[in-house]
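Chain and residue survey
For reference, the chains in residue letters:
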Amino acid sequence: MKINVNGKPQELKSGSLSDTLAELGYGDAKIATAVNAEFIPAALRDTYALTEGDELEILAPMQGG
Amino acid sequence: MIDVSIIGAGVAGLCIATEIAERGGTVRLYDRKPSIGAHACSWWAGGMLAPFCEGMNAEEPVVRLGQQAADWWDKTAGGVNRNGSLVLALGRDRSELSQFARRTTGMDVVDGKQIAVLEPDLGNHFNTGLFCASEAHLDPRNALATLLIKLQAKGVTVKTTPPTMGPKMIDCRGLSARDALTDLRGVKGEMLVLKCPDVILSRPIRLLHPRIPIYIVPRGDGVFMLGATMIEATERGRITARSMLELLTAAYALHPAFGEAEVLEIGVDARPAFPDNLPRIRKRGNVIYANGLYRHGFLLAPALARMTADYLFDGKRSEMMDED
Amino acid sequence: MKQFYGVTLKTPLMLGTAQYPSPAILADAFKTSCASVATVSLRRESGRDKSGQGFWSIIRNLDVHILPNTAGCYTVKEAVTTAHMAREIFDTKWIKLEVIGHTDTLQPNVFGLVEAAKILTQDGFEVFPYTTEDLVVADKLLDAGCQVLMPWGAPIGSGQGLNNLQGLRSLRAHFPDIPLVVDAGIGLPSHAAHAMELGYDAVLLNTAVAKAGNPVEMAHAMALAVEAGQAAAIADPMEPRDMAAPSTPVIGKAFLT
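Bear in mind that the values here come from a model prediction, so they are computed numbers and not experimental data.

**Things to note about the interface of chain C and chain A**
Across the boundary between the two partners, chain C contributes 29 residues, which contact 27 residues of chain A. Where chain C abuts chain A, roughly 2400 Å² becomes buried across the two surfaces, and 58% of that area is made up of carbon and sulfur atoms. Considering only the surface of chain C that becomes buried against chain A, Arg-44, Met-85 and Glu-88 of chain C emerge as the three largest contributors, covering 27% of it. Where chain C packs against chain A, one counts three salt bridges. The interface formed by chain C and chain A contains 18 residue pairs in polar contact (both at pLDDT 80 or more). Looking at the side of chain C that touches chain A, the elements that each hand over two or more residues are strand E2 (37-44), helix H2 (51-60) and helix H3 (76-90) of chain C. Per element, the largest residue contribution to the side of chain C that touches chain A is seven residues, and it comes from H3 of chain C. Residue composition of the side of chain C that touches chain A, grouped by class: nine nonpolar, twelve polar and eight charged.

Rendered as structure tokens:
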């Protein structure tokens, strides 16, 4: 299954958003996710199924003013 | 008798190997690849030996220790150009020149005529700038290759098999040593190598810029290194369009002929840095970690090498050692 | 001191976390400034790149309230989605809402701001809107459910200080009970002190400290400035006058001519 992760196309096994994050190596990192510009809360990651062509955004803390 | 295995043949590893070999020690070098190249952060360095300019944003030890660099490189690798460096500002950033002068030492204010004498090709483009006469630059890839050739002449080769435990190890893996040095972080840098025979420059030019400290370093034969972004990130993927746009815009504004330049290379890597952006030497058991050169690889590796060797040969602790 | 959504801040200084020369200087500047709030942001991170995690561990150790922002958002939808992601990551209902309307001045798009503020308030957020000093917009933001207002002093990162004193004064006069924060444009401690003297409840700044030659020393100066300005406001300053009024008592003056 091909999806775009933070704008870059990646070939990933299909499965839930949780599986995908594990596959991408996020582990227990402090991150938040959005799919196709919609926020997906952490609680829904186990049941949220990604599909071909989805735009997955994974954000982490950064410096800000 | 000093006998060490050095892991990582980037600028840190090669300088430390050179210093130890010069003092009569035995060195084994290990790296992922048998020769220096694009896998090392220092492959993408600017090669500026500019301690005073760096003082704009760096801590005091960078300015002080960096002043040893030009002589060390001259002695070990040669090829040091001591033409100084020139600091300029474009358009609406011009007010930042006086701030730069205030926050650094060793700068002389130069007017348009003096700039035209220093760099005839920039002739009429600029009417004020700063000149730091005592600074230098080198070609980083040549310098690393020369160190390696000289080490090879002493029987040192780069092995790609991991070292077996035995003699003391010096870990110079840069960012890869994050598995042991948990406070090490990556600061992403993006740079370009341009070929532009229409422009001749004799020294690195720094362009003051509110976000990116842009510099152009002449490499000879019409080749220039244009760098470098500073992004708090470890990833070393590809350059972003925004970064390339800002770098090229700056070069074009410096001299319109850069618009015709050929883009030879695009470099992206992450510099290894500790929280205060200063290098560290840490001894843990049988391993000495020498790391955290940040954007000061060629500027501070000589001091890092000396201090590491001082510790090995004489047990002398230095300011870079922050652990027992 | 007024409360910010039920929280009493131990000092009236909110400090940004961007643009410092190094993480070590960022941490030192925060300690020296005694800032009570740190603004933070969000960005893309790849699985192997742990830089966001490293930054977070520094911030977590600062003992400050976290105020995530929606910096760089130009649309209501972007700002709202970013706010939701920030709430999850930072585990706070606070959001510094920025909807930018103009690239050169980074002036807020106040129409989008009001709309986003309404949506976020209904979603349970506690919104700190980055706005202009416009009274009518301020009113609409309060109608939208905001209980804090953050008018700009000058464009972000410009260091110009308080460009429209009269506007900031009238905002204070019209909303005596609303916590007001001057956000953006502060370049000097005197600007920060001035904002506090006007009766503002806090200032939010970043570049003035991070881009100073010595950020830690400037953080100290800002701490002194907001404390001085706040004390001055509490002390109820004298009214300026057109003419001199002798400060030395005139009674009992000897005639020596």
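**Side note on the sheet that holds strand E12 (residues 214-220) of chain B**
Residues and elements named next belong to chain B. Sheet architecture is open: eight strands sit in the order E5-E6-E4-E11-E12-E13-E10-E14, paired in mixed fashion. A single partner strand is all that each edge strand has here, and the edge strands are strand E5 (108-111) and strand E14 (262-273). This sheet shows a mean twist of 25° between the axes of neighbouring strands, independent of strand direction.

**Remarks on the nonpolar core**
Among the nonpolar cores identified, the biggest contains 85 residues, and Met-14 and Val-203 of chain C are the most heavily contacted of them. At eight residues, the largest contribution of residues to this core is made by H3 of chain C. Among the nonpolar cores identified, the runner-up in size contains 77 residues, and Leu-14, Ala-21, Trp-72 and Cys-132 of chain B belong to it.

**Quick notes on the sheet that holds strand E5 (residues 126-131) of chain C**
Residues and elements named next belong to chain C. Taken in spatial order, the three strands of this open sheet run E4-E5-E6, and their pairing is parallel. Either end of the sheet is taken by a strand with one partner, and the two such strands are strand E4 (94-97) and strand E6 (150-151). In this sheet, E6 lies alongside E5 in parallel orientation, the contact comprising two bridges. Residue pairing in the sheet places Thr-131 in a bridge with Pro-151 of E6.

Each value, and the rule that gives it
- Residues numbered from 1 in each chain as written.
- Chains lettered and ligands numbered in written order.
- Predicted model: local features only at pLDDT ≥ 70, side-chain atom pairs only at ≥ 80, totals over all residues.
- Heavy atoms only, no water.
- Contact = heavy atoms within 4.5 Å.
- Buried area = accessible area lost by both parts, 1.4 Å probe.
- Salt bridge = Lys/Arg side-chain N within 4 Å of Asp/Glu carboxyl O.
- Polar contact = N/O pair within 3.5 Å; in protein donor to acceptor, adjacent residues only side chain to side chain.
- Helix = DSSP H or I, 4+ residues; strand = E, 2+ residues; numbered from the N terminus.
- Nonpolar A, V, L, I, M, F, W, Y, C, P; charged D, E, K, R; others polar.
- Pairing = 2+ DSSP bridges.
- Axes fitted to C-alpha atoms, helices over the stretch in contact; angles between N-to-C directions.
- Core = buried A, V, L, I, M, F, W, Y, C linked by side-chain atoms within 4.5 Å.
- Buried < 20%, exposed > 50% of the residue type's maximum accessible area, 1.4 Å probe, protein only.

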